[in-house]
Every structure is written in structure tokens, then in C-alpha cells.
Amino acid sequence: RYIDKVLRQMQLLARTKGYKEIGIVSFKKLEDLLGGFAGIDNFLSYGSGATGSNALENCDAVFVVGTFQPPPTAIMDTHLCINQTDMRHLTTEIIEGFFLPQYTTKMAYYDYWDKDGKQACRMVGGFWQDPLYTIFLWSSRRHLIQAIGRARLNIKASVVWLFSPL
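A brief report on the enclosed structure follows. The model shown is predicted, which means the values in this text are computed figures rather than measured ones.

A look at the overall build of the protein chain
Link 1 in the chain: Counting its regular elements, the protein chain contains four helices and eight strands.
Link 2 in the chain: In the protein chain, the order of α-helices and β-strands from amino to carboxyl end is α-β-α-β-β-α-β-β-β-β-α-β.
Link 3 in the chain: The buried share of the protein chain, reckoned over its 166 residues, is 34%.
Link 4 in the chain: Sequence separation of at least 24 residues holds for 58% of the intrachain contacts in the protein chain that already meet a minimum separation of 6.
Link 5 in the chain: For the protein chain, the accessible area works out to roughly 10,400 Å², and carbon and sulfur atoms hold 55% of it.

Points about the nonpolar core
Link 1 in the chain: Counting 13 residues, the largest nonpolar core has Val6, Met10, Ile22, Ile24, Phe63, Val65 and Phe163 as its most contacted members.
Link 2 in the chain: Taken together, the elements giving at least two residues each to this core come down to helix 1 (2-17), strand 1 (22-26) and strand 3 (61-65).
Link 3 in the chain: Among the elements that make up this core, the one with the highest residue count is helix 1 (six residues).
Link 4 in the chain: Listed in part, the 10 residues of the second largest apolar core include Cys59, Val62, Phe68 and Leu144.

Describing the packing of aromatic side chains
Link 1 in the chain: Going through the model one piece at a time under the given rule, you end up with three aromatic pairs.
Link 2 in the chain: Measuring from centroid to centroid gives 6.1 Å for Phe63 and Phe163, while their planes differ by 45°, and the two rings are tilted. Of this pair, Phe63 sits in strand 3 while Phe163 sits in strand 8 (residues 159-163); the two residues are 100 residues apart in sequence, bridging distant segments of the chain. For the residue pair Phe63 and Phe163, the accessibility class agrees, reading buried in each case.
Link 3 in the chain: Here Trp128 and Tyr133 contribute two aromatic rings whose centre-to-centre distance is 5.9 Å and whose plane-to-plane angle is 45°, an arrangement assigned as tilted.
Link 4 in the chain: Assessed through its relative accessible area of 25%, Trp128 is described here as partly exposed.
Link 5 in the chain: One aromatic cluster is present, built from ring pairs that chain together Trp128, Tyr133 and Phe136.

Thoughts on the pattern of salt bridges
Link 1 in the chain: One pass over the full model with this rule turns up one salt bridge.
Link 2 in the chain: Between Lys115 and Asp116 there is a salt bridge, with the nearest N and O atoms lying 3.9 Å from each other.
Link 3 in the chain: Residue Asp116 is classed as exposed on the basis of its relative accessible area, which comes to 56%.

With respect to helix 3 (residues 72-82)
Given 3.6 residues per turn, any residue in an α-helix points the same way as the ones three and four places further on.
Link 1 in the chain: Along helix 3, the residues classified as buried are Ile75, Met76 and His79. Looking straight down helix 3, one finds its buried side chains confined to an arc of 95°; they lie on one side.
Link 2 in the chain: Where helix 3 is buried, its residues meet helix 4 (132-149).

What counts, and at which threshold
Residues numbered from 1 in each chain as written. Predicted model: local features only at pLDDT ≥ 70, side-chain atom pairs only at ≥ 80, totals over all residues. Heavy atoms only, no water. Helix = DSSP H or I, 4+ residues; strand = E, 2+ residues; numbered from the N terminus. Buried < 20%, exposed > 50% of the residue type's maximum accessible area, 1.4 Å probe, protein only. Contact = heavy atoms within 4.5 Å. Areas by Shrake-Rupley, 256 points an atom, 1.4 Å probe, with all protein chains shown as cover. Core = buried A, V, L, I, M, F, W, Y, C linked by side-chain atoms within 4.5 Å. Phe/Tyr/Trp six-rings, centres within 6.5 Å; stacked < 30°, edge-to-face > 60°. Salt bridge = Lys/Arg side-chain N within 4 Å of Asp/Glu carboxyl O. Arc of directions from axis to C-beta.

Here it is as C-alpha cells:
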């Protein structure tokens, strides 16, 4: 699994770089998977309202794992706040007075190949057309910047390692 590869990379970095105080910011519940990770006393699950938290300010290394995925309704709400009368980007089909949003799936590829040369991939859902895709990117990047900020790089020397496709 991808998370197992990330865990091995984090363990190698922690051991070879000699980090004493390590923190992890994640957008999913990873506490169970990371329970055996030696040296992790500071785990901040970003999805639980960690914006502005100083919980990791004493860490000399912070690992940011994953990418925030805003829910489809948040993307649609943002679009309607900006374009109050423009529904064409949200609508693909109207059924009994309700519309189906243009939320579709596609294959996402990782920069990882197995010994036989097969590339790792998975199906992901999302809004792939603008302006909805731009709203998705803005929201995901905004949360990633907030996650990096938990290391408090502006007030102390620390290292942030990103394990995110964005």
C-alpha cells in the first residue's frame, strides 16, 4: 500500500537525519497506521480543526501526509457564492427538478512502478472542468499551506517533508 511506503520513508528520514521531536499532519485518520512509528509523539489530524494550532511548534521535523479533498458540496457552494446565477458548470442532467453535478471519476497515476513495470494508480472522483477544478485546487492548496504552517517555520528552524501529490 502507498501509506506503507510513506511510513518506511518517514522512518528512514527520522533515523538518518536524527530528528528528536517529530510531528505528523494528516488529512485522514492515520493514528492506527502510525501507532508503531517510533519517535512519533505529536500527531495532528488536520481534519479535526487544527488550523492555527501550535501543537507542533517544538518539533524539529514535521511530515505532512496526504492531500485535503474538499467535499463536493463545499466546491459547489463556493462556486455559487462567486457565480450566483451561473449553474451551467454544476449541471449535467436534470432529473425530476434536481440536477446532477459534474462530479466524475478518472484514473490518477502515482510516480511508482512495480518490478514488472506496471504503474500504480487508483480511481479518484472530482470536478475536472473549470471553474470547479480551480476551486478544488485553491481549497486543497490552501489547506496544504495551513498544514505546513503548523511547523511554525517563520519563528524557528524546522524541516517539513511533504508526502502529497499537490
